[in-house]
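# Descriptive analysis of the structure
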Amino acid sequence: DASDIEKGTYPHFMLKEIDEQPIVMRKIMKEYQNDNNDLKLDATIRQAMKAADRIYIIAAGTSYHAGLVGKEFIEKLAKIPVEVHVASEFSYNMPLLSEKPLFVFISQSGETADSRAVLVKIKEMGHPALTITNVPGSTLSREADYTLHLHAGPEIAVASTKAYTAQIAVLAILAVDTARAKGIELDFDPMQELAIVANAMEVLTAQKETIEQITRNYLATTRNAFFIGRSTDFNVSLEGALKLKEISYIQAEGFAGGELKHGTIALIEKGTPVIALATQENVNYSIRGNVQEVVARGANAMVISMKGLEQDDDAFVLPQVHELLTPLVSVVPLQLLAYYAALHRDCDVDKPRNLAKSVTVE
Ligand code: G6P
């Protein structure tokens, strides 16, 4: 029962849940592996994935952001086209569905009404559904054909942290399992790479003082902030911005680096904080070009880069992990930035205004 969960020595559930992420990674590795070190997934899920000619990911909020990362895994590893949709929008302009669609609902709570509305509709249409959730007995789990459990343990803070990284880890495992079922040769061992991620997360959660200092330098008094990234860093910049606005009420937006010049750069003033992610080798040069563009207009810019891609004045360097899995580590300092920004502004970290942990109305 969630009410039995204690904060222990932590001042807030959010900080506790951020710290639990390495443990959750290891738990997922254990739960999704059998004694022969093979992936352990329900054979019916494997079949459903293999049979799909297109996957439709449906989710809201942070779970939607995890879905954006999941799309990359499934397309790159399992070679199945994926669309990711915001649940509340899906029904208005329902895409033309493929012949053999599989719907994948991503939901921490398994109770989000917007997602359930889509589930009800596509079940009426006779399509199969898989729910990826932290609560196996939940509505979305019961009403779907298949469930994958996140094993993240109860998440109490309204702002989702460990569920996001758990969703990404489970999606990576699902993508690899599907690839193997389809006979696709991969140069990617998910368990080995997740073990590296878990260690990297531990390194990151031990660097709270550094992040707190960065928060003071960049976000202490600002009214707004921008997160930029290219490729998968763009997906994570959306989540970084969501975390910051949810709990610190700083107006924040995530943008694709290349899209800045098409509008958003007009908002850059002297001192505007811009947080840039640089974890991908193929876009390292171009994202740093974007940083120069905003700095030239007075922005207070900082780069969070990955080891191996770092430059001298980067504000923070992440431990190196496989390039597909960088969202699992790059999000951690962004979660902590949001946490400390909220703390410094005396905001109610675990129960931000106007928000609910699980939204059961459409
Ligand atoms: C609410 C929460 C968000 C969450 C979203 C989706 O808005 O405040 O943190 O990301 O619902 O929730 P779900 O349980 O479906 O992942």
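In what follows, the accompanying structure is described. (Residues numbered from 1 in each chain as written. Predicted model: local features only at pLDDT ≥ 70, side-chain atom pairs only at ≥ 80, totals over all residues.)

Once that is clear, we can look at the sheet that holds strand β4 (residues 129–133). Strands in a sheet are paired, the pairing made by backbone hydrogen bonds, and the direction either parallel or antiparallel. Taken together, 5 strands build an open sheet; the order of strands is β2-β1-β3-β4-β5 and the sheet is parallel. At either end of the open sheet lies a strand with only one pairing partner, and these are β2 (82–86) and β5 (146–149). Each neighbouring strand pair of the sheet contributes to a mean axis angle of 20°, computed without reference to strand direction. Direction of pairing for strand β3 (residues 101–107) relative to β4: parallel, over a ladder of 5 bridges. Looking across to β4, one finds that Ile106 is bridged to Ile132. The sheet strands contacting helix α3 (residues 43–51) are β3, β4 and β5, and the helix crosses β5 at an angle near 110°. (Pairing = 2+ DSSP bridges. Helix = DSSP H or I, 4+ residues; strand = E, 2+ residues; numbered from the N terminus. Axes fitted to C-alpha atoms, helices over the stretch in contact; angles between N-to-C directions. Contact = placed C-beta atoms within 7 Å.)

What follows is about the site of the ligand. In the vicinity of the ligand there are 16 residues, among which Gly61, Thr62, Ser107, Ser109 and Thr112 approach most closely. In terms of residues, the shell around the ligand owes the most to one element, helix α4 (residues 61–78), which gives 3 residues. Here the shell around the ligand is built from residues that sort into 5 nonpolar, 10 polar and 1 charged. (Near = placed C-beta within 6 Å. Nonpolar A, V, L, I, M, F, W, Y, C, P; charged D, E, K, R; others polar.)

Pairing within the open sheet is parallel, and its 5 strands lie in the order β7-β6-β8-β9-β10. This sheet does not close on itself; its edge strands, each paired only once, are β7 (251–256) and β10 (316–318). Within this sheet the neighbouring strands show an average axis-to-axis angle of 20°, counted without direction. Its contacts with the sheet place helix α10 (residues 208–219) against β6 (224–229), β8 (273–278), β9 (300–306) and β10, and it is angled at close to 150° to β9. Contacts from helix α11 (residues 232–248) reach β6, β7 and β8 within the one sheet, and its direction differs from that of β7 by about 175°.

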